[in-house]
Structure formats: C-alpha cells, structure tokens
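Reading the structure
If you want the building blocks of each chain, they are given just below.
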Amino acid sequence: MIHGFIRACAVSPALRVADCTYNARMTIEAMQRAAKSGVQLAVFPELGLTGYTCGDLFLQQPLQKAAEAALCEILDASRELDLVALVGLPVAVSGKLYNCAAVLCHGQLLGLVPKTHLPNYGEFYERRHFCPAPRVTQSVPFAGQMTPFGTKLLFRCASMPAFTLAAEVCEDLWAPLPPSTAHALAGATVIANLSASDETVGKADYRRQLVSQQSARLLCAYLYADAGHGESTTDMVFAAHDLICENGVLLAESKPFACGYACTELDLERMLAERCRNTTFEPLDDREYWVVDFDLPLRRLKLTRPVSPTPFVPADDAARAERCELILEMQADGLAKRIEHAHAKTAVIGISGGLDSCLALLVAVRAMKRLARPMTDILAATMPCFGTTHRTRSNAQLLCELLGVQFCEIPIAGTVRSHFADIGQSEDVHDVTYENGQARVRTLTLMDLANRTGGIVIGTGDLSELALGWATYNGDHMSMYGVNAGVPKTLVRHIVRYEAESAQSEELSSVLLDILATPVSPELLPADENGEIAQQTESLVGPYELHDFYLYYVLRFGFSPAKIYRLAQRALSERYSNEVLLHWLKNFYRRFFQQQFKRSCLPDGPKVGSVTLSPRGDWRMPSDACASAWQAELDTLSVEG
C-alpha cells in the first residue's frame, strides 16, 4: 500500500448450489491463499455463499439461515487476515429479501450493499425472490453484528485513504445509470462488482468493454468477480470471467472457463492524479453516504502489474503503426495550416542527417502534399561546421534528393570563426560558447534564408530535448513553428522507422534506416580521429529511453521521485542497474527545473499527446521555481531500492 499500490483479486471458487457450508469453506480457503500472496482486497461472485441459481430455494428460511451462518464462519476466519473481502449472499431485512454484497475485514462486517437493479427477463427472474435496494441507509442486525445496510456506503482505509471502496452487484453495471457512478463521485476509487453473468456467444467481449469503459468514465479501479463452475447448468452456464480494469485499461482477467482468478496491483494514486486534473469530474454532495473506516497495515508490495518501459510507444505493432501515422497526420495538418496562414512561399528546414530534422522534413513533405504544392517549396539547408561528419552530411543530401525538395549547402565555419574573433573566443576552447556559437549561427542562417525566400523556419527540436533543455537558447531552440515539439525522442525513432518501412523506394528506406542507426548528436564538437561522431548526446544527458519514462510520469501524473524510481525498477531493471536509474533520475529533475526558462518562450507547435510542454497550454511553470521538495526526496533514495 506504499506509493498508492494495493494488490487485489477477483476470484470465483467452485461451489455447490444451496450448500452454504461447502461454499463458505471454499471462500475461506480462497481468502487465505489470497492473503498469503499479499492480496489486500478480494472480491467474490454474486450470491456466492448459496449459488446464484437456487431459484425458489431463496425463499426457504433454512437456506437463508445457512447463508447467514456461512457468513459468520467467514467473518471468524477473516480475523487474522489482512484483507477486505466482499462475498455475496441473500439477506432478509424487515421481512424482505435482498441480494447483497457483504463487506468484511478483520472479523467485522463493515456493511451490506443490496443490489439496486434486478433483472426480470430471459433466464433471470430476480424480482420473483428479491427486492430492489431501499433508498435509505440504515443499521441492521446480521451475523451477530449491527452493520450498515444500503447502497450509499463507502469503505475507507484509515492507513491509506486513497483506498476508498464501494460495491455494486451484477446488473447494476448494465443499468443506464449504474450506482457506481455516484459512488465514484462521492469518493470511491475502487468499485467491486459481485456478478453472476451467464455465458453466451460474444458476451465476454461485451463484458470486457463494459467494465473497461466504466473504469475509464469513473477514473477508478473496477473489479468484476463472475460466477463460475458449480452453478446450475439447467438453462445456462457460467464462465468465471473475472476482470480487473483501471481507468480504461484491462490489467488482469481470467479466461472464461479457466481458473476463475484475476490478480494484480491497483495504482490508486494514479486514479487520484487523474481526478485532480479532470475538471469535469466534479465531486458529489456525499452527505447521504455513510463512510465506514477499516484499517490494514501498510506494506511494500512487489509489483507484478505491467509497467511499459516505453510509455509513449505502444508495444503492439499494429497499434504502434496506427499511432505513428496519426501523429504524422497531426503534425502535417498543423504545419499546413501555419504555411497557409502565413502565406509562406517556402518551408525552411535545417537538415543535419539526424533523427529530428529527418522527421521534420518528412512532415513538411506531407504538409506540402496536403496543400497541393510542389516539393521544391521546401528549402532544406545543411550547414556543416567543426563537428559535421561525412555520414550525416551525405545522408542529409541523399534524403533531400529522394524526397525531391530543394537542397543547399551553406558552410558556416568561416562565419563562426569571424564571430569568435569578434567576441574573443578561442577556437581551441571547446566550451559552451564554442558549441552554442555554431548553433546560433545556424539559426541565424535559417531565419535569413526564410526572409530571403518569403518562408518560415520549421523547428526540429523534440519533446525530450525540451524537457532536458538540450537546446541552445535562441539557437535551435527558436523557429517559426516547431513540428516536433510534442513528440518524445523514443517515439521519433519509431515514426522514422514507420516511414522507412512504408517508403516507396528501397533507396529512401535505406537512408532512413541509416539515419536511425546514427548516434544522436548535435555535432558541435570535432569528429574523432576516424571521422566519426565524437559528441554523443545520450552519453552526456543520459539515455532518452529513461528520460522519456521519467518525463511521462512526472508530467502525466505528478508522481513523486520515489514512486517513479520504483516504477522504473519494475519496467527497466533488466536493462539498467538501480545505480544508473537513480543517477539519471536525479539528472532529469535537475535539468527539468533549471531549463524551464527555455520552455517559457517556445514557438508554436502541435500537441500530439497527453504530455506536452507548451507554456500556453499544458505546462505552466515559473522559470525560477525551486526544486527543493523534489530534491529532498531524491536524496532519500538509494541504489538498494
């Protein structure tokens, strides 16, 4: 439960219809196994203590009493278990029978939540036996305890209030306005659904979509425990299709007719972060709700939930290709609009033979096609200087020739030397002035080219570089429109690869692949003795794979450094040691805070994802903000994890 994680399961034990003693034993054994494996929340199926398919036996007092006695056994067994469990059973209150979810922890019956929406169609005739949930919450005696009874119940963990639980029962989710909607708006971060959904062709997909979408709408975790083997098969079968979703993402499920057990960790801090930034998620007046507190010990869980090492890049080939194509279209449309609005005669791009300028050029080609203009309206300039290598220079020219754009070479070494002489900078001193002087001359050249040709300068810097401040202020930092400003470096690679794989000629594909294979470098320092790139960006600022991972969780959820470090260990430990992860995490925060002044005056550029650094939109941060709170937490972290 540290960092907002709890381990939860939806489990469907085997049962016998109307054999409450057997069903209680199976439930207790499942709870004990779950607790032993670190589970803190276990959800069982609808009417699991009796079986959902008892029919008119529900109206028999012996079955009702047997179910209550079974719950007493489970309560007694739960005293030593550090988990919350929800089990289903019929409950008689004031002469009426209700289909209920019993919520229990450490031997205490925390509450009884009756089903609100009762089906009365097909094979389901619940209104024959049960009454819908009453409107008013009350205290009732049951299983030897006084307990809250009603739908407006929230169960809150005292040691971690982010864990606030509510329940609904099966058909409640299928209703036009599920009770879980009000539960979430009242503060529930976890919804448990005790269900007995029979299996028919196509229903599993529908059920999966329903649970996933409800978790997305409510910005919550949603656990769905389905009835399974042992229910009567007189007219239908039950598949134990258990599901766990979180904000629209399916985290775990049991295959229908398989094990009947789904287990994973829920990230409740993530849900609270989503709600904080979502202005349409408006809290409900919760005065009608009863809040029942329980307590569980805080513990550090070993994470088993999937954590992508590349949160910006889909792992699935088809999804990745779809995202690459969409981003290219978004970039091209934004650039086409800007060219059209500015009445620009040319789109001027500094082409280096590197990844970012390559992507910007590919986007410009698409934009010109969209505007039905010739490719020669794109003016690509390469500006070799002290660090330019033959490989990048050749790739830059070949790429332009294959795309049919204008290409020119403007050596800038003479201008840079003249400028160095003006300011008293020695060419033998390879310091920041030496590097930035070249970058600013390149930008000056591009700006003047744009003026001379009636065009606009297309910026090439990407989102990752902006986060780290890896740009020369008033150098490559500046343009008239930055098409890559919303694209992280890890995704730039995949977009260029996507274009290489779909290229119309082998020559174009080959040069794009060689650009991909070229080390990332600004080429502002002289090449090595073999004429190869000596200045490699990732050896200086760190692997972009790590920085993009950190960037995603810092901006998207506002997580603490300790939690991001832990997620990085889960996702990237096979490739990086803890020492490396922690070193570059500290580096990321240092640069991110120090370099905000560059982001405060960024050119326009299209937003393509949920993480962006535009000072006009999604990221508004003072340039002189203090990083002490983050630094203090970073100082407490160790390589031991």
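Residues numbered from 1 in each chain as written. Predicted model: local features only at pLDDT ≥ 70, side-chain atom pairs only at ≥ 80, totals over all residues. Heavy atoms only, no water.

A complete count under the given rule lists 22 aromatic pairs for this structure. Geometrically, the ring pair formed by Y98 and F149 is edge-to-face, given 5.1 Å between the ring centres and 65 degrees between the ring planes. Taken together, the residues Y98 in strand β4 (residues 96–105) and F149 in strand β9 (residues 145–149) connect sequence positions 51 residues apart. For Y98, a relative accessible area of 9% gives the class buried. Using a relative accessible area of 0% as the deciding quantity, one classes F149 as buried. (Phe/Tyr/Trp six-rings, centres within 6.5 Å; stacked < 30°, edge-to-face > 60°. Helix = DSSP H or I, 4+ residues; strand = E, 2+ residues; numbered from the N terminus. Buried < 20%, exposed > 50% of the residue type's maximum accessible area, 1.4 Å probe, protein only.)

Looking now at the pattern of salt bridges. Throughout the structure, instances matching the rule amount to 35 salt bridges. The closest approach of N and O atoms between R208 and D205, which form a salt bridge, is 2.7 Å. Of the two residues, R208 and D205 both sit in helix α5 (residues 203–218), three residues apart, roughly one turn of that helix. The closest approach of N and O atoms between K489 and D356, which form a salt bridge, is 2.9 Å. Here K489 is found in helix α13 (residues 489–501), whereas its partner D356 is found in helix α8 (residues 355–370), with 133 residues between them in sequence. (Salt bridge = Lys/Arg side-chain N within 4 Å of Asp/Glu carboxyl O.)

Within a beta sheet, neighbouring strands are joined by backbone hydrogen bonds and run either parallel or antiparallel to one another. Taken in spatial order, the seven strands of this open sheet run β15-β14-β13-β12-β11-β10-β17, and their pairing is mixed. Two strands in the sheet have a free side with no partner beyond their single neighbour: β15 (249–253) and β17 (290–294). If you compare each strand with its neighbour and ignore which way they point, the axes differ by 25 degrees on average. Note that strand β10 (residues 153–157) and strand β11 (residues 164–169) share two bridges and pair antiparallel. For R156, the partnering residue across the bridge sits in β11 and is T164. (Pairing = 2+ DSSP bridges. Axes fitted to C-alpha atoms, helices over the stretch in contact; angles between N-to-C directions.)

This brings us to unusual backbone geometry. Backbone geometry at L47 places phi at a positive 50 degrees, although glycine is not the residue there. For A143, which is not glycine, the phi torsion reads 50 degrees and is therefore positive. As for its position among the elements, A143 is in the loop between β8 (138–142) and β9. A residue is classified by how much of its surface remains accessible, and A143, at 8% relative accessible area, is buried.

Purely geometric numbers; function is a separate question.
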